[in-house]
Amino acid sequence: MSHQLSLREQFAFEQTTSNTIQLSFLKFQKTKKENKYFFTGFNRHTLSKFLSYKLGYYRILKEDSYIIVKYNNGIVVEAQPFTAKNELLEVLDRLDTETVDFDGSLISINRDAILEKFANVQPQYFTSGSLDILIELKKEFLRDTKDHSFFYFKNGIVKTSSECQELIPYTEIKNKLIWKSWINDHEIQLDQFTDHSMFEKFISNVSGSDKWNQAFISAIGYVLTNSNPPSKSQAIILYDESITDVNNPSGGTGKGIFAKALSYLRQQVVIDGKKFDPNSKFVFQNVAEDTQVVVIDDVKPFMDFKFFHSILSEGLTVEGKNQASWKFSSDKTPKIIISSNSVFSNKGTTNKRRQYILEFSDFYSSKIITGVEEPVKDHHGCMFFQDWDQKEWNRFYNFMLYCSRFYLKNGLIAIKPKNHSDNLLLIQTHEDFYIWVNDQGFKVETAYKRDDYFTPFKQEYFGDSKELSVQKFNKWMKAFAESKAWVYHSSRSNSQSYFVFSGTENSKQDDDECPF
């Protein structure tokens, strides 16, 4: 490579003024007493060109500031100022101390003097506040559109659409940038293997039905789409289908495998949900410019989803400790995946519109008896990802590309979660109440005396305990009504308290479509 050569091998001396000569960015000036040139410093403008055109370091605009990248034929990786400084230092270190004849004059090249001068001036050039030493790279990153997605492999880029896919060489991508971290170290062979991948069978198992299988496939395709229409941006919520005990969550259904699979095609940041604090301004500090998916794994119960409303509609803000904050534009904000062993409310139009819920069946978790079983490994005969050979990887990638095409053609499949309402009721109330209220056979437009239900329920399950009050009972009854898509009304007449439910008797069962 050219930058492994010395400056003397790459450049010729050039007369810039009557008393000044340059070797690339090194300046030499003639002394008055003798016909000899000595090193005097660095030409900042020429040094800027050398750092960018020869060493590949540029700056890229990041909101109101810049970041440094290393550029090579359209592929970029974020770099730090010290990496550019160290590489330039290696160039200077390859100089020889020598005296060179130039048109009858002598040029003294003193390597030690040059290195000492560089040590003195480098803080002016190579700090985060002095990035103007580098040329700005004004190319745009290659992004997905509403009609196409791009997937980066070792041997080319796969471009998918609703109807087809094609492998195109990197050389055909003109005037666009690609993060190096986006490129997968796999040589894709499109549709060479027609048998089903293990991951495709896994998705079939955890989805539980043909309609839910389509929902899972559409969700995968949605996450893989590296663009975000703000009006349609949704978080993918991963729940267990089985009724959840918030005090003893089960898990083991495959939510982690689902999220990890996506990391092999899209740059992903995983945040520990147990430590996820929406009130911390540093909650997304590990998210970088090349991040495409953010997974919040195993969030704490009762998290308020409203925190994500502005992120999904306006864009994600990132702030690191002792660093300036910056913000993704809404269309470039990473996809959000939230995994939880307990559900949180989707009450309200905005919550419903911004959540796409996937419920994982107990196909694998039901096989966990003692806790030492590995149901995925036992069922498929190997550990996912780490035990796959190249053929299985190729089958996996081809299935994921199919998911992309499916989403581009069909969008997210509208489907109502099976047990979300029941899970939410259980979490919002009490296990005994959940069982009791579902056994009562309540109907809409029927008046019930509150004491005919509150008093016997309290005596049977709480006795003389003050834990259950009338106010809490009313709150639980309201939660029950909401789980049925009913409305709970309470009133008093002739010193008696009554309650009645309004709504459609089978509204929950008949509503098969999601409101988006």
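No experiment lies behind these values; they were computed from the predicted model shown. (Residues numbered from 1 in each chain as written. Predicted model: local features only at pLDDT ≥ 70, side-chain atom pairs only at ≥ 80, totals over all residues. Heavy atoms only, no water.)

### A few points about the overall build of the protein chain
Helix and strand content of the protein chain: 16 helices and 25 strands. The principal-axis extent of the C-alpha atoms belonging to the protein chain is close to 115 × 55 × 45 Å. In the protein chain, which comprises 516 residues, the share counted as buried stands at 49%. Carbon and sulfur atoms make up 45% of the accessible area of the protein chain, which amounts to about 25,800 Å² in all. Where the 63 positive side-chain charges of the protein chain centre and where its 66 negative ones centre are 6 Å apart. (Helix = DSSP H or I, 4+ residues; strand = E, 2+ residues; numbered from the N terminus. Buried < 20%, exposed > 50% of the residue type's maximum accessible area, 1.4 Å probe, protein only. Areas by Shrake-Rupley, 256 points an atom, 1.4 Å probe, with all protein chains shown as cover. Lys, Arg positive; Asp, Glu negative; His and termini not counted. Charge placed at Lys NZ, Arg CZ, Asp CG, Glu CD.)

### What about the nonpolar core?
Residues Phe199, Ile220, Leu358, Phe396 and Met400 are the most contacted members of the largest nonpolar core, which totals 51 residues. With 10 residues, the top contributor of residues to this core is helix H11 (residues 390–410). What Phe199 contacts, discounting residues up to four positions off in sequence, is Ile220, Ile257, Phe258, Ala261, Phe384, Trp388, Phe396, Phe399 and Met400. In this structure, Phe25, Phe50, Leu51 and Ala79 belong to the second largest nonpolar core, which totals 35 residues. (Core = buried A, V, L, I, M, F, W, Y, C linked by side-chain atoms within 4.5 Å. Contact = heavy atoms within 4.5 Å.)

### What about the packing of helix H13 (residues 431–438) against helix H15 (residues 470–483)?
How two helices sit against one another is set out by the angle between their axes and by the gap between those axes. Orientation of H13 relative to H15, taken along the N-to-C sense of each, is 60°, at an axis distance of 11 Å. Classified by the interaxial angle, the pair formed by H13 and H15 is oblique. Between H13 and H15 lies a crossing whose hand is right-handed. Residues Phe433, Trp436, Val437 and Asn438 of H13 pack against Phe473, Trp476, Met477 and Phe480 of H15. A breakdown of the residues in the contact of H13 with H15 according to their chemical character gives seven nonpolar, one polar and no charged. (Axes fitted to C-alpha atoms, helices over the stretch in contact; angles between N-to-C directions. Parallel < 35°, antiparallel > 145°, perpendicular 65-115°, else oblique. Left-handed = near helix turned anticlockwise from the far one by under 90°. Nonpolar A, V, L, I, M, F, W, Y, C, P; charged D, E, K, R; others polar.)

### Some details on the confidence of the model for the protein chain
Taken over all residues, the pLDDT of the protein chain has a mean of 89, while the share at 70 or more is 93%. Contacts of residues 508–516 to residues separated by more than four positions or lying in other chains number 21 contacts, the stretch itself having pLDDT below 50. (pLDDT = per-residue confidence, 0-100.)

### Focus: the side chain of Arg59
Take Arg59: it is sitting in strand S5 (residues 57–62). Although Arg59 is buried, it makes no salt bridge; Glu136 carries the closest opposite charge, 4.6 Å away. One polar contact links Arg59 to Tyr66, side chain to side chain, over a distance of 3.4 Å. Ignoring any residue separated from it by four or fewer positions in sequence, one finds Arg59 in contact with Tyr66, Ile67, Leu131, Asp132, Leu134, Ile135, Glu136 and Leu137. (Salt bridge = Lys/Arg side-chain N within 4 Å of Asp/Glu carboxyl O. Polar contact = N/O pair within 3.5 Å; in protein donor to acceptor, adjacent residues only side chain to side chain.)

### Here's the deal with the pattern of salt bridges
For the structure on display, the rule yields 14 salt bridges. Lys274 is the salt-bridge partner of Asp298, the closest N and O atoms lying 3.8 Å from each other. Residue Asp298 is located in the loop between strand S18 (293–297) and helix H8 (309–314), and its partner Lys274 is located in the loop between strand S17 (268–272) and S18; the two are separated by 24 residues in the primary sequence. In this structure Asp298 comes out as partly exposed when scored by relative accessible area, which is 21%. Of the residues examined, Lys274 reaches a relative accessible area of 44% and is grouped as partly exposed.

### Description of the sheet that holds strand S8 (residues 98–102)
Read across the open sheet, the six strands follow the order S1-S2-S3-S4-S9-S8; overall the sheet is mixed. Each end of this open sheet is capped by a strand with a single partner; those strands are strand S1 (13–17) and S8. Direction aside, neighbouring strands of the sheet carry axes that sit 35° apart on average. Across four bridges, S1 lies against strand S2 (residues 20–23) in antiparallel orientation. When the sheet's bridge partners are listed, Thr17 is paired in S2 with Thr20. On the sheet, helix H4 (residues 111–125) packs against strand S3 (26–30), strand S4 (36–42) and strand S9 (105–109) and is oriented at approximately 25° with respect to S4. (Pairing = 2+ DSSP bridges.)

### Some details on unusual backbone geometry
Non-glycine residue Asp103 carries a positive phi angle of around 50°. Within the secondary structure, Asp103 is located in the loop between S8 and S9. Here Asn494, not a glycine, exhibits a phi torsion of approximately 55°, which is positive. With respect to the helices and strands, the residue Asn494 is situated in the loop between strand S24 (487–493) and strand S25 (496–502). A residue is classified by how much of its surface remains accessible, and Asn494, at 72% relative accessible area, is exposed.

### Side note on the packing of aromatic side chains
Under the counting rule described, the total for this entry stands at 76 aromatic pairs. Note on Trp212 and Phe216: the rings are 6.5 Å apart at their centroids and 65° apart in plane angle, and the pair reads as edge-to-face. Placement of the pair is Trp212 and Phe216 together in helix H6 (residues 210–224), with a separation of four residues, close to one helical turn. Summarising the burial analysis for this pair, Trp212 and Phe216 share the class buried. Where Trp388 meets Trp393, the ring centres are 5.0 Å apart and the plane angle is 75°; that geometry is what we call edge-to-face. Like Trp388, the residue Trp393 is buried in the burial classification. The ring of Tyr222 has Lys335 lying over it, and the distance from NZ or CZ to the ring centre is 4.7 Å. (Phe/Tyr/Trp six-rings, centres within 6.5 Å; stacked < 30°, edge-to-face > 60°. Lys NZ or Arg CZ within 6 Å of the ring centre and 35° of its normal.)

### Concerning H4
The terminal C-alpha atoms of H4 lie 20 Å apart, and with 15 residues this matches the ideal 21 Å at 1.5 Å per residue to within 8%. Remark: the principal bend of H4, roughly 40°, maps to Ala119, with a proline, Pro123, within the next four residues. By the burial criterion, the buried members of H4 are Ile114, Leu115, Phe118, Val121, Gln122 and Tyr125. Tucked inside the fold, the buried residues of H4 contact S3, S4, helix H2 (44–54), helix H3 (81–93) and S9. One side-chain oxygen of the residue at the start of H4 lies 3.1 Å from the amide nitrogen of Asp112, identifying that residue as Asn110. (Expected span 1.5 Å × (residues − 1). Bend = angle between axes of the 7 residues up to and from the residue.)

### Brief notes about the packing of H6 against H11
Close contact between H6 and H11 brings their axes to 7 Å; oriented N to C, the two are set at 90°. Classed by the angle they form, the pair H6 and H11 counts as roughly perpendicular. Together, Gln214, Ile217, Ser218, Ile220, Gly221, Tyr222 and Leu224 of H6 and Phe399, Met400, Tyr402, Cys403, Ser404, Phe406 and Tyr407 of H11 make up the contact between the two elements. Taken together, the residues that form the contact of H6 with H11 break down as 10 nonpolar, four polar and no charged.

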